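# Architecture at a glance
So the chains spell out like this:
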Amino acid sequence: MKKNRYHLQRLMELRERAKKQQAELVAAKRAQLAAAEQELNKRQLAVEECRVRQREAKERMFRSAETGLEAAKLVQHRVHLADLKRQEEELIAAVEQQRAVVRRCQDELDKALVALAEATKEHRVIEKHKEKWQEAQRRAEEKKAQKASDEMAGIMHERRSWDE
């Protein structure tokens, strides 16, 4: 007896492949987001380190001023503090830029998750259809076998009737 081939098998395989591709994309987007968050943390630490250096430089300047500091040395301290302040502003700008990158990565991950959910749903639909088709095939085979069995029983009954 010939087994029927599921007529939507090719579509099922395509949906399975699409689902796997979406899962791979989600994994890549998660890795991208993790890298962006790690970079954001690194930049935030750099801002904190710069602020610590500013506080230390101010303390050194005040201690030096208390002991009597030449004007030229005081100007050097002020220029150094201004440089640290400019550096802090640049680092803060870099942090904000990285936050935008993290938001973009999060948005891309969210879109990829939605696409994965949709691909999974489409694959599940075709799987359910195949299960129902297989069940219908099984019932048809059982019905055919039952019909053959009934015919055989009828023939056997007729033969017994003739023999009697």
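Our subject is the structure listed above.
Now for a description of the structure that goes with this document. It should be emphasised that the depicted structure is a prediction, and the values quoted were computed from it without experimental measurement.

Cut-offs and rules
Residues numbered from 1 in each chain as written. Predicted model: local features only at pLDDT ≥ 70, side-chain atom pairs only at ≥ 80, totals over all residues. Heavy atoms only, no water. Helix = DSSP H or I, 4+ residues; strand = E, 2+ residues; numbered from the N terminus. Salt bridge = Lys/Arg side-chain N within 4 Å of Asp/Glu carboxyl O. Buried < 20%, exposed > 50% of the residue type's maximum accessible area, 1.4 Å probe, protein only. Core = buried A, V, L, I, M, F, W, Y, C linked by side-chain atoms within 4.5 Å. Contact = heavy atoms within 4.5 Å.

### So, the environment of Ala93
Mapped onto the secondary structure, Ala93 falls in helix H2 (residues 71-163). It is 14 Å that separates the C-alpha atoms of Ala93 and Arg51, two residues lying 42 residues apart in sequence.

### A look at the pattern of salt bridges
Pairs can form between side chains of opposite charge once their charged atoms are near each other. Counted according to the given criterion, the structure contains 14 salt bridges. Residue Lys85 pairs with Glu88 through a salt bridge whose shortest N-O separation is 3.3 Å. Placement of both Lys85 and Glu88 in helix H2 is noted, with a separation of 3 residues, approximately one turn of the helix. When the shortest N-O distance is used, the salt bridge between Arg138 and Glu135 registers 2.1 Å. With Arg138 and Glu135 both in helix H2 and 3 residues apart, this pair spans about one turn of that helix. Residue class for Glu135 comes out partly exposed when judged on its relative accessible area of 30%. What emerges from the salt-bridge pattern is a single network uniting Glu48, Arg51, Lys85 and Glu88.

### Some words on the nonpolar core
Within the largest apolar cluster, 11 residues are counted, these being Val26, Leu33, Ala36, Leu40, Val47, Val95, Val102, Cys105, Leu109, Ala112 and Leu116. When residues of this core are traced back to their parent elements, those giving at least two are helix H1 (9-66) and H2. Per element, the largest residue contribution to this core is 6 residues, and it comes from H2. Here Leu40 is in contact with Val95, Gln98, Arg99 and Val102, once residues within four sequence places are set aside.

Honestly, that's just the spatial picture; any functional story needs more than this.
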